Amino acid sequence: MSSTTNASATAKRTYPKRRKPFRPNGWTIAGWAFLILLLIFTIVPMAWMISTSLKTQFASIQQPPDWIPDNPNLKQYRTLLNPNNELGAQFLRYFRNSLWVSTMTTILGLVVAVPAAYAFSRFTFPGKDALFFSVLVRNMFPVVVFLIPLFILMKNLGLIDSQWSLILTYLTFGLPLSIWLLKGFYDNIPPELERAARIDGATRFQAFRLIVMPLSAPGIIATAIYSFIQGWNEYVYARTFLNSEEKMTMPIGLQKFFTENSSNWPGLMAASFIMSVPVVVLFLMLQRYFVQALTEGAVKH
Amino acid sequence: MTSSRDRFDFMSLSINRRAVLAAAAGFAGIAAFQTGAFARLLQDVSKTGVDPSKWNIETINALAGTITVDTAAELHALVPDTASGKVSLWINGPVESTPQIAKDFYEEFGTIFKTWYPNLELDRQNVDYNDLLDKLRTASAGGAAPDVAKMPILWGVEFAARGDLQEIILEDYGLSKELFWEGALKSVTWEGKYYGIPTNNETMAFIWNKQLFADAGLDPENPPATWADVVAYSKAIKEKTGAFGYGMVAKVNAGNTPFRYMPMVWAYGSSALDEAETAPTMKTTMINNEGGVAALQNMYDMYVTDRSVPTSALTNTQVENQDLFISGQVAMMIAHPSEYVTMQNKLAAAEGDEKALAQTVVDNMSYGLIPEGPVRRSVVFGGSNAHIFTDKAHGGAINAEGAKAVVAALTSPEWALKNNWTDSNPANLRGFETEWMKQRLTDIRFLEVTTSMLPYGVPFPVVPESTEIMNIIIPEMIQNALTETMSVQEAADDAAARITELISQA
Amino acid sequence: MQLTAESPPNEPRRKRGLLANIAHHWADYVYILPAILVMVLVIGYPIVYTVWLSFHDTPIRTGDHIFNGVDNYREILSSPKFWKTTKNTFVWTIGSTGGAFILGFAAALVLHKQFIGRGVVRAILLIPYVISAVAAAYVWKWMLHSDYGLISGVLKDWGIIDQNLVLLDSKDRVLPTVIVVNIWKEFSFVMIMMIAGLQTVPEQLLRAARVDGAGVWQQFTHVTVPYLKNVILITTLLLFVANLNSFTLVYLMTGGGPANASQLWITDIYNIAFRSLGYGLASAYSVILFLVMLAAGWYYVRILTQGSKRGAS
């Protein structure tokens, strides 16, 4: 554009703007084809999940498989979401428990991660790099082997069969990513802003709350989403730490449909679907914050 | 027995006298038993203490309904109704797809227990079968085990070996050895002492689809007589009808697999250790003897050569086979007593055309004895036991009276029966004489068939290594052969080597 | 410019001994105290316990802990199953990470340009990432079932094959199959990270390259990728570690079978710990797994921190 002559520039200004003709090149076509295939790859399992959940147990194992059930019925969903029948009441309780655990994990995760990220960003102190690395290390140890020592720990803390044992454990899942994300945000917020506020008489904490936090809002939201989803979907620890029926979370609830002696595929699919809805909705609503957070916070250096 | 002075004296009596009094409490039951039909049945000592020729459909029916029991009275004679405190029980209870009647009994047990012991708070947790063992292990390792647990028959021994279970004297509960199957008692024995009481026992039988048999030109009224016949039938059915013949199960880490494979192994005169032999030592393995290889060869023939069993057998548990059976895609399989009820449930849930098809299958379902082999006819002796944990495993003092009350209730003739109405039989043999047994025999089709397999039952080796042998080594042996990773002989030898190494470390 | 909690902005920093340094910065540590506390408790203690246990024998029958030096390590490293499992783990991790990365990056590139409905498409593609691994395992297991699965049924229906398609039951095909499922589950995480990254690539650089005659592919390899080096490293590191640790998907779909064809380190550890009750062995195994990850992580982090040290002003 900078090399056009004056004449054409002038000409452009007097004529109405013309759309550039759409000329698909090889890359565009390839891109579209790829996208369509990818969408199919992504959607088919979900569609099948829904389709199965609407079938009767019997129909679900017919060969050749039917996409559209002959006698679609919402029986599985009605059973699961009906607080009056035994299964429904149970399922709704799992739902509530998962909600509680995930929310607390999120809140506490933020309470822990935010100051830590701030410190890593703003301060220099001995051992800073090592500590930062150790935060990453958390993810590296196999989940399953921690089961027994963590169980003993939780027992000593009196937390067995309490959802707090899960909350405490889940906190550590999201910490590395959270701290890293938020640190990136704080790195990009000039310290001068805070200093200016402090010169104006604000305390360090007020400066933090009024200036830094709003600017890092996408990061906080991203962290929140990530923690929430981790807590919602986790299976192995929930199964080990919780004994009472009343305290269990949804991933364990799914197991109920697939036991040693009988199976209920439509029920399993319906339960999987219901379990997925909240996190999907949550993520979809807030995903642009997630992207924004990654852009501003983590990716820019 | 109920004045405070008596109670105080009761508790302060020495062990021997207490035992005598407790025995006296159940004396009425035992006396009736000794003179009853059962005593005569138990003259011959076989694997399970009962002569198979004297235990059949007719005798079982004749036994039922010959006594009445007053459970409340019997329980209160053991543990007075003033027992108090909290007692926790972990149990593998009903799930969503369990028949309604079983769910109803589960609820009723909770209610009625409260009426027996108003001051005792029963904290009962219904834990999924897949999770129960892991949770018990983690819990007892971490000192958080419940007071009482009702565990499937194979599980208790590892806890006993580790000292997590309390020793139990049968007489303290008004019981005696004669009231239980020999195999059941073996499963609660460790180093000569009892660490639990059997609650229920069951054995599986063979079911088949008469229609598919007829379509393949086979006799629809009788199951295959031998395991070699099973292989031949399976092939014929696949060729002539296109449906799978035998419902094979070969998944690793799934309890169903050894339950359905070991009967054939034992039938051919082989064993994982030497559990099917008359005087097992549990120190050597026979899995790769001639019979063991022959049994494995049968599996190979069906899966690889004839392709007459579901391709998904390697990842199937019995659960998937049920679905295949009810839709007429599998013709025969070893089945748990409860599977008939499961089929009925699936039929009830079917709609439209499928309903007609499912109805045909259910109408054509037949139960028979498990096929025999060259050496014997056998089936896995299954069931559950009630155990009390030690203070150490519990992480505090066990509520002794409460635990005793719970165990006594679980093993009483009435509730050992009712708690397992659809899927098993009371371990306490007096249960067979109650009126409820009579009702079960009428209500539950084929119950007399599965019950008549009881004397052929062989319990899994009662050693802590059993879980690994049965759930990992044996299925892996099958998978190695069926995926042709190893030849049949190699797979058997490999399993033998692994079992030997495992046992030698003990 | 870095601040400490206490020192006023313009005071020159004095040299101090290490202990004095720590003491001087005590207020800084308060900020990270909660995080450290949680980490020490929930991670430190189990790590110490596991390492301790790895040097002990835990016989099934007695439940004791008997010190046995490096016997556990020797036993694991010399078992033939271990090498098969290692190979599987290697294939699984590299395959999943590479596959998810390529797919996710490609998706990000396609979604980078604005078009109608882009938001919806992006949203749909994110679904596999957020649903639970348990749900995903069951749905895919259901779809891939050899006897009544959708895929087998549809292919037979269309006449492409005439016998059931055996995937999860085939010892040769099971590992690639579960890798594909894992890629399905993870690619949108990469997509999201790379979308964010692509938005930071300055348009001027690309335009300059175009002016210099670079084609689309060359723009990509010479401008975009180098600019995104850090994001790519972080993403693949997180993915690598997650895949090495990924348990639920494989365990529920195949349990490690058939015949150990899909046995990974992590599922093997689980079986040894909870089926065979070999806690000492499982601990040693975990330590080995951990050391591998540590090595990979250390390498990555060095590249990262070098990069940011160079980049920071």
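Residue numbers restart at each chain and count upward from 1, following the sequence in its written direction. For this description, chains carry letters from A and ligands carry numbers from 1, given in the order in which they are written. Only residues with pLDDT of at least 70 are given local features in this predicted model, and only at 80 or more are side-chain atom pairs given and counted; all residues enter the totals for whole chains, interfaces and linings.

K.L.:
Give me the overall build of chain B: which residues, what numbers.
P.N.:
A run of H or I in DSSP becomes a helix once it reaches four residues, and a run of E becomes a strand once it reaches two; helices and strands are each numbered from the N terminus. Within chain B, the regular secondary structure consists of 24 helices and 14 strands. Exposure criterion: with C-beta atoms placed from backbone coordinates, a residue whose C-beta has 20 or more other C-beta atoms within 10 Å is buried, one with 12 or fewer is exposed, and one in between is partly exposed. Burial analysis of chain B (506 residues in total) assigns 58% to the buried set. This entry defines residue contacts through backbone-placed C-beta atoms, with two residues in contact when those atoms are within 7 Å. At a minimum sequence separation of 6, the contacts of chain B that also span at least 24 residues come to 78%.

K.L.:
How would you sum up the overall build of chain A? Please name residues and give values.
P.N.:
Broken down by element type, chain A carries 13 helices and 0 strands. Overall, chain A shows an N-to-C arrangement of helices and strands of α-α-α-α-α-α-α-α-α-α-α-α-α. Per-residue burial for chain A yields a buried fraction of 50% across its 301 residues. Taking all contacts inside chain A whose residues are at least 6 apart in sequence as the whole, residues at least 24 apart take part in 75%.

K.L.:
Requested: an account of helix H8 (residues 129-141) of chain B, with residues and values cited.
P.N.:
Count 3.6 residues to each turn of an α-helix, and residues three or four apart come out pointing the same way. Residue and element names in this part refer to chain B. Between the first and last C-alpha of H8 there are 19 Å, a value that for 13 residues agrees with the 18 Å anticipated at 1.5 Å per step. Within the span of H8, buried status applies to Leu132, Leu133, Lys135, Leu136, Arg137, Thr138, Ala139 and Ser140. Of the residues flanking the end of H8, it is glycine 143, one or two places downstream, whose phi is positive at about 70°. To estimate how far a helix should reach, multiply one less than its number of residues by 1.5 Å.

K.L.:
Would you mind going over the domain arrangement of chain A in detail, with residue names and values included?
P.N.:
Splitting chain A by domain gives domain 1 (25-73) and domain 2 (89-299). Residues are sorted three ways: Asp, Glu, Lys and Arg are charged, Ala, Val, Leu, Ile, Met, Phe, Trp, Tyr, Cys and Pro are nonpolar, and all the rest, Gly among them, are polar. Looking at side-chain class alone, the side of domain 1 of chain A that touches domain 2 of chain A contains 2 nonpolar, 5 polar and 1 charged residues. Domain extents, as shown, originate in an automatic or database domain assignment.

K.L.:
Provide a residue-level description of helix H24 (residues 488-504) of chain B, including the pertinent values.
P.N.:
All names here are of chain B. For H24, which comprises 17 residues, the first-to-last C-alpha distance of 24 Å matches the rise-based estimate of 24 Å (1.5 Å per residue) to within 8%. If you check which residues of H24 are buried, you get Val488, Ala491, Ala492, Ala495, Ala496 and Ile499. In an axial view of H24, the angular spread of the buried residues amounts to 135°, which keeps them on one side of the axis. Facing away from the buried side of H24, by more than 90 degrees, are the exposed residues Glu501 and Ser504. Taking the helix axis as origin, the arc is that swept by the directions to the C-beta atoms.

K.L.:
Go over the pairing of strand S12 (residues 382-388) of chain B, please, and point to the residues and values.
P.N.:
A regular strand carries its side chains on alternate faces of the sheet. Residues and elements named next belong to chain B. With respect to burial, S12 is a largely interior element, 7 of its 7 residues being buried. The alternating pattern of S12 places Gly382, Ser384, Ala386 and Ile388 on one face and Gly383, Asn385 and His387 on the opposite face, and all of these are buried. Two strands are said to pair when DSSP picks up at least two bridges between them. When strand S3 (residues 148-152) meets S12, the two strands line up antiparallel, connected through 5 bridges. In the strand pairing of S12, valine 148 is matched with isoleucine 388. Pairing of strand S6 (residues 197-202) with S12 involves 5 bridges; the strand directions are antiparallel. Within S12, the position partnered with asparagine 201 by the bridge is glycine 383.

K.L.:
Run through the packing of helix H8 (residues 174-198) of chain C against helix H11 (residues 229-244) of chain C, naming residues and quoting values.
P.N.:
Residue and element names in this part refer to chain C. Here an axis means a line fitted to C-alpha atoms, over the contact stretch when the element is a helix, while the angle between two N-to-C directions is reported on a 0 to 180 degree scale. For the pair H8 and H11, the least separation of the axes is 10 Å and the interaxial angle reads 160°. As the angle between them shows, H8 and H11 are arranged roughly antiparallel. Crossing of H8 against H11: the hand is right-handed. Only Val231, Thr235, Leu239 and Asn243 of H11 make contact with H8, whose side of the interface consists of Asn182, Glu186, Val190, Met193, Met194 and Gly197. Should an angle lie under 35 degrees it is considered roughly parallel, over 145 roughly antiparallel, and from 65 to 115 roughly perpendicular; all remaining angles are considered oblique. Less than a right angle of anticlockwise turn of the near helix away from the far helix marks a crossing as left-handed, whereas a clockwise turn marks it as right-handed.

K.L.:
Could you give an account of the sheet that holds strand S10 (residues 365-368) of chain B, with specific residues and numbers?
P.N.:
Residue and element names in this part refer to chain B. Across the sheet, 4 strands lie side by side as S8-S9-S7-S10; this open sheet has mixed pairing. The strands lining the two open edges of the sheet, one partner per strand, are strand S8 (244-246) and S10. Strand-to-strand, the axes of this sheet are offset by a mean angle of 20°, without reference to chain direction. Two elements, S8 and strand S9 (residues 330-335), share 2 bridges in a ladder whose sense is parallel. When the bridges of S9 are listed, tyrosine 246 appears paired with methionine 332.

K.L.:
Provide a residue-level description of the domain arrangement of chain B, including the pertinent values.
P.N.:
All names here are of chain B. Taken domain by domain, chain B holds domain 1 (4-203 + 381-457) and domain 2 (205-379 + 465-504). The interface of domain 1 with domain 2 comprises 19 residues on the first partner and 17 residues on the second. At 3 residues, the largest contribution of residues to the side of domain 1 that touches domain 2 is made by helix H22 (residues 447-452). Tallied by class, residues from the side of domain 1 that touches domain 2 come to 8 nonpolar, 7 polar and 4 charged.

K.L.:
How would you sum up the nonpolar core? Please name residues and give values.
P.N.:
With 309 residues, the main nonpolar core has Ala116 of chain A together with Val139 and Val190 of chain C as its most contacted residues. Take this core: its biggest share by element is 16 residues, from H8 of chain C. Setting aside its immediate chain neighbours within four residues, valine 190 of chain C contacts Ala100, Phe101, Gly104, Phe105, Thr235 and Leu239 of chain C. By definition, a nonpolar core groups buried Ala, Val, Leu, Ile, Met, Phe, Trp, Tyr and Cys residues that are joined through C-beta atoms within 7 Å.

K.L.:
Please set out the environment of alanine 232 of chain B residue by residue, giving values where relevant.
P.N.:
Residues and elements named next belong to chain B. Note on placement: alanine 232 falls in helix H12 (residues 227-241). Note on alanine 232: 17 C-beta atoms within 10 Å, which makes it partly exposed. Separated by 67 residues in the primary sequence, alanine 232 and leucine 165 have C-alpha atoms spaced 47 Å apart.

K.L.:
Go over the confidence of the model for chain A, please, and point to the residues and values.
P.N.:
All names here are of chain A. The predictor attaches a confidence to each residue, and that confidence, scored 0 to 100, is pLDDT. Averaged over every residue, the pLDDT of chain A is 76; the share at 70 or more is 77%. Per-residue pLDDT, averaged within each element of chain A, yields its smallest value for helix H1 (residues 6-14) (46) and its largest for helix H2 (residues 26-53) (88). Low confidence marks residues 1-12, where pLDDT is under 50. Its contacts with residues over four positions away, or in another chain, come to 1 contact.

K.L.:
Residue-level account of the confidence of the model for chain B, with values.
P.N.:
Residue and element names in this part refer to chain B. Residue-level pLDDT values for chain B average 84, and 89% of them are 70 or greater. Considering each helix and strand of chain B separately, the mean pLDDT is smallest for helix H1 (residues 4-12), with a value of 34, and largest for helix H14 (residues 290-305), with 95. Taken together, the stretch residues 1-49 has pLDDT below 50 and engages in 59 contacts with residues farther than four places along the chain or on a different chain. In the predicted complex, the global pTM is 0.79; the interface-specific ipTM is 0.77.

K.L.:
Lay out the packing of helix H16 (residues 339-349) of chain B against helix H17 (residues 353-363) of chain B with the relevant residues and their values.
P.N.:
All names here are of chain B. The N-to-C vectors of H16 and H17 enclose an angle of 160°; their axes lie 9 Å apart at closest approach. Put simply, H16 runs roughly antiparallel to H17. Considering the relative orientation of H16 and H17, their crossing is left-handed. Every residue of H17 that contacts H16 at Met343, Gln344, Lys346 and Leu347 is listed here: Ala358, Gln359 and Val362. Its residues placed into classes, the contact of H16 with H17 shows 4 nonpolar, 2 polar and 1 charged.

K.L.:
Please set out the sheet that holds S12 of chain B residue by residue, giving values where relevant.
P.N.:
Pairing within the open sheet is mixed, and its 6 strands lie in the order S2-S1-S3-S12-S6-S13 (chain B). The open sheet has two free edges, formed respectively by strand S2 (120-126) and strand S13 (425-426) of chain B, since each of these has just one partner strand.

K.L.:
Which residues make up the environment of tryptophan 421 of chain B, and what values go with them?
P.N.:
Residues and elements named next belong to chain B. Position of tryptophan 421 among the secondary structure elements: in the loop between helix H20 (413-418) and S13. Each C-alpha atom, one on tryptophan 421 and one on isoleucine 388, is 23 Å from the other, the two residues being 33 residues apart in sequence. Not counting chain neighbours up to four residues away, the residues in contact with tryptophan 421 comprise Ile101, Ala102, Phe105 and Arg440.

K.L.:
Can you lay out unusual backbone geometry for me, pointing to particular residues and giving the numbers?
P.N.:
All names here are of chain B. One non-glycine residue with positive phi stands out, namely methionine 282, at about 60°. You can see methionine 282 is positioned in the loop between helix H13 (256-267) and H14. Using a count of 17 C-beta atoms within 10 Å as the deciding quantity, one classes methionine 282 as partly exposed.

K.L.:
Please provide a residue-by-residue account of the pairing of S6 of chain B, values included.
P.N.:
Residue and element names in this part refer to chain B. Along S6, 6 of the 6 residues are buried, which leaves the element largely enclosed by surrounding structure. The pairing of S6 with S13 spans 2 bridges and is classified as antiparallel. Residue asparagine 200 lies in a different strand from S13, and its bridge partner there is proline 426.

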